[in-house]
Amino acid sequence: MQSPGRRSVVDVAFQGTLRADPAAASRARTLTKLRLTDNAFRQITRAAAVGVLLILGGVIFSLFEGALPAFRAFGVNFLVQESWNPVTEKFGAFAPIYGTIMTSFIAMAIAVPLGLLIALFLTELCPLWLRRPIGIAIELLAGIPSIIYGIWGLFVFAPFLQQYVQPALIDIFGHVPVLSSLFAGPPYGIGVLTAGLILAIMVLPFITSVSRDVFEAVPPVLKEAAYGLGCTTWEVVRYVVLPYTRVGVIGGIMLGLGRALGETMAVTFVIGNAHRVSSSLIAPGTTISATIANEFTEAVGDLYTSSLIALGFLLFVITFIVLAAARYLLARIERRIG
Amino acid sequence: MDLYARRRLRNRIVMVLSYAATGVGLGWLALILGTLVFEGASGLSLKVFTEMTPPPGADGGLLNPIVGSLIMTAIAVAIGTPVGILAGTYMAEYGRYSKLAHVVRFINDILLSAPSIVIGLFVYELMVAPMGHFSGIAGAVALAVLVIPVVVRTTEDMLSLVPKELREAATALGMPLAYVIGKVSYRAARAGIITGILLAIARISGETAPILFTALNNQFFSTNLNAPMASLPAVIFQFALSPYHDWQKLAWTGALIITMAVLALSITARMLASSRKMS
């Protein structure tokens, strides 16, 4: 591609001869106009691309600036302090951070095996004509807005858990040492466990579709060779497909994790919004995003608002790292396959 | 048990689990959609689209939030789409292998899945705090920020699929690159780019978190972009968490409307994309 604006030898020679010829002169004018348009369009598209970078820069800068008063007031203690008290203006992010990590952990513990099994079904077991419809149906789970998961979780799922599942969990684990503390307290229905389960459904399609895509990219020759040796389908998946696609699968998992960490509305409905750290999974808790969603518009006082923005800043930094790692891994496997 | 039987048993178990997992995934989708239809359909009537949100205990509809959502979505698409298409064009056509395109691609992918509540905080700091009040335009800008990465990504992908022979043929005729892009690449990739815009609309029409701190909500009918504006997701959030039965019922109806709209959009987008692939 020639660089724009630079006048080639041809142009100079051309301009020398065209002074005499009006037709040629008008053609030269047209060419100049075309070149200017071309250049302008290139600059405009370039500016738009830079604009994307500016958005990211703007997000980081504005959140950091907004969070600064809170960071100044609490320092590193902000990360480890549990109390969140608007009256005394003492704010610590430990409870929301803990809640975010716990709910995401529960979500991943369920969604990863489930997602991989569905991907396995779609690539190895499913009849060809059913693959597309089932794949689309699973991906539709990702299309449902998160507030729908929230309202469904609050009115349908939480009461169900409260009535049937949680009492059973308390009964079973109530007398087991260690585990009893995980299921201590009355069954509220809402809480960390419920939020984790809803998140699991929400991230499932991300894990499934990435895993399916990388599974499909395994060269058939490798799989056929393993089948030829007499491997069962499971053995082929375990010893050929998974090792080959490991990086991509981890990338997909990180992508799902990024979603789970930042998910807001669904969690806000079912987490219970209690600023405390409880060892029990069925107790109400809070997450970073749920705290912001619940309290931001009602926050009075600069320090309160700033503390909430500081939470947002933390969330963005955490998800940024996770998502960047996911993209890096996915890019690596793409390079290998592509 | 001999080795062979054990291997077969293990295989059988995993296969059964795999069927079960798929069943769970599909069942869950059916369960959610079923509940939505069951709870929301009974409240669906013409009134929903012609009357305002009611005070607790009274009859009413969802006219103001539906209009508010439509206005904000339209503005968000009007702002976000051109920026997204232009940026995608740069990355696919001008600087496909340049350092800038590489960085933008990476950042864009991160923005694509960044938590939307953070975008809400960003626009709050950017517009609401300096202006001193919540406004519909701030909500629209927050949504536009969510539109851009989706459109950038699909535009770039779709332009990259355009065969380079088409561009070479046009260039050989003496067309400058800008015209090649406008008259050849865009036309060849049109269906794909429209798919991207539809997906972006589907994505933002259910977004709640970024709207809460920007457009807030409004009990009354308002098309004033400089004032708080009602939107379907925000009203669902408020009504669902209220203790009033009729508000909760309206929330379900609103949820049904949003979900149907979003699913219709994403299925249309998919059909557009796949019909293009086949041809």
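Everything below is about the structure printed above this text.
What you see is a predicted model; the values in this text were computed from it and never measured. (Residues numbered from 1 in each chain as written. Chains lettered and ligands numbered in written order. Predicted model: local features only at pLDDT ≥ 70, side-chain atom pairs only at ≥ 80, totals over all residues. Heavy atoms only, no water.)

Asker: Where do I start with the overall build of chain A in this structure?
Answerer: When you go through chain A residue by residue, the secondary structure sums to 13 helices and two strands. Over its C-alpha atoms chain A spans a radius of gyration of 28 Å, topping by over 25% the 20 Å that the globule rule assigns to 338 residues. For chain A, the spread of C-alpha atoms along the principal axes amounts to about 100 × 70 × 35 Å. Out of the 338 residues belonging to chain A, those deemed buried represent 51%. Sequence-distant contacts in chain A: of pairs separated by 6 or more residues, those separated by 24 or more amount to 74%. On chain A, roughly 15,400 Å² of surface is accessible, and the fraction owed to carbon and sulfur atoms is 65%. Looking at chain A, you have 23 positive and 18 negative side-chain charges, and the mean spots of the two groups are 14 Å apart. (Helix = DSSP H or I, 4+ residues; strand = E, 2+ residues; numbered from the N terminus. Rg over C-alpha atoms; globule rule 2.2 N^0.38 Å. Buried < 20%, exposed > 50% of the residue type's maximum accessible area, 1.4 Å probe, protein only. Contact = heavy atoms within 4.5 Å. Areas by Shrake-Rupley, 256 points an atom, 1.4 Å probe, with all protein chains shown as cover. Lys, Arg positive; Asp, Glu negative; His and termini not counted. Charge placed at Lys NZ, Arg CZ, Asp CG, Glu CD.)

Asker: Looking at this structure, I do not really get the interface of chain A and chain B. What am I missing?
Answerer: Taken together, the contact between chain A and chain B spans 78 residues of the former and 80 residues of the latter. Of the roughly 7,200 Å² buried at the junction of chain A and chain B (both faces included), carbon and sulfur atoms supply 81%. Counting the surface chain A buries against chain B, the share from its top three residues, V52, W152 and R327 of chain A, is 8%. On inspection of chain A and its partner chain B, the count reaches three salt bridges. (Buried area = accessible area lost by both parts, 1.4 Å probe. Salt bridge = Lys/Arg side-chain N within 4 Å of Asp/Glu carboxyl O.)

Asker: Explanation requested: the packing of aromatic side chains in the structure shown.
Answerer: How two aromatic rings sit relative to each other is set out by the distance from centre to centre and by the angle between their planes. All names here are of chain A. Applying the stated criterion across every chain, the model contains 25 aromatic pairs over all chains. A ring pair is formed by F64 and F71, whose centres lie 6.5 Å apart and whose planes are at 40 degrees; its orientation type is tilted. Arranged with centres 5.9 Å apart and planes meeting at 85 degrees, the rings of F71 and F78 form a pair that is edge-to-face. Residue classification places F78 among the buried positions, given a relative accessible area of 0%. Through successive ring pairs, a cluster of aromatic residues spans F64, F71, F74, F78, W84, F91, Y304 and F313. (Phe/Tyr/Trp six-rings, centres within 6.5 Å; stacked < 30°, edge-to-face > 60°.)

Asker: Just to check I follow, could you spell out empty space enclosed by the protein for this structure?
Answerer: The method is simple in principle: a probe with the dimensions of a water molecule rolls over the atoms, and the space it marks as empty is what remains. All names here are of chain A. Tallied over the entire structure, the rule returns two cavities of 30 Å³ or more. Taken as a whole, the largest cavity holds about 60 Å³ of empty space. Lining the largest cavity are A95, Y98, G99, V192, R276, V277, S278, S280, P284, G285 and T286. Within the lining of the largest cavity, the residues separate by chemical class into five nonpolar, five polar and one charged. Taken as a whole, the second largest cavity encloses approximately 30 Å³ of empty space. As for the second largest cavity, its lining consists of T100, T103, S104, L199, A260, L261, E263, V267, T287 and S289. Of all the secondary structure elements, the ones that give two or more residues to the lining of the second largest cavity are α4 (94-125) and α10 (233-262). Take the lining of the second largest cavity: its biggest share by element is three residues, from α4. Residue composition of the lining of the second largest cavity, grouped by class: four nonpolar, five polar and one charged. (1 Å grid on protein atoms, 1.4 Å probe; cavity = no way out; pocket = protein on both sides within 12 Å on 5 of 7 lines; lining within 4 Å. Points joined across faces, edges and corners; volume = space filled by probe spheres on them. Nonpolar A, V, L, I, M, F, W, Y, C, P; charged D, E, K, R; others polar.)

Asker: Would you explain the packing of helix α2 (residues 22-74) of chain A against helix α8 (residues 177-188) of chain B in this entry?
Answerer: Helix packing geometry: the angle between the two helix axes and the distance between the axes. α8 of chain B packs onto α2 of chain A with a crossing angle of 70 degrees between their chain directions and a minimal axis gap of 7 Å. Taken together, α2 of chain A and α8 of chain B sit at an angle that is classed as roughly perpendicular. Along the contact surface, α2 of chain A presents L34, T37, D38 and F41 of chain A, while α8 of chain B presents L177, A178, Y179, I181 and Y186 of chain B. Looking at the contact of α2 of chain A with α8 of chain B, its residues break down into seven nonpolar, one polar and one charged. (Axes fitted to C-alpha atoms, helices over the stretch in contact; angles between N-to-C directions. Parallel < 35°, antiparallel > 145°, perpendicular 65-115°, else oblique.)

Asker: I would appreciate a short explanation of the environment of P210 of chain B in the present structure.
Answerer: Residues and elements named next belong to chain B. Take P210: it is sitting in helix α10 (residues 209-212). By relative accessible area, which is 0% here, P210 ends up buried. For P210 and A142, which are 68 residues apart along the polypeptide, the C-alpha to C-alpha distance reads 6.2 Å. Discounting chain neighbours no more than four positions away, the residues touching P210 are S116, G120, A142 and L146.

Asker: So what exactly am I meant to see when it comes to a positive patch on the surface here?
Answerer: All names here are of chain A. Where like charges cluster on the molecular surface, the positive patch consists of R246, R332, R335 and R336. Per element, the largest residue contribution to the positive patch is three residues, and it comes from helix α13 (residues 302-337). Along the chain, the position of R246 falls in helix α10. (Patch = residues over 30% accessible without salt bridge, like charges linked within 9 Å, V, L, I, M, F, W, Y side chains within 5 Å.)

Asker: Would you mind showing me how to read the pattern of salt bridges here?
Answerer: Any two side chains of opposite charge can pair if their charged atoms end up close together. Throughout the structure, instances matching the rule amount to twelve salt bridges over all chains. Note that K223 of chain A and E124 of chain A form a salt bridge whose closest N and O atoms lie 3.1 Å from each other. Of the two residues, K223 of chain A sits in helix α9 (residues 220-228) while E124 of chain A sits in helix α4, which places them 99 residues apart along the sequence. Across the salt bridge formed by D109 of chain B and R153 of chain B, the nearest N and O atoms sit 3.0 Å from each other.

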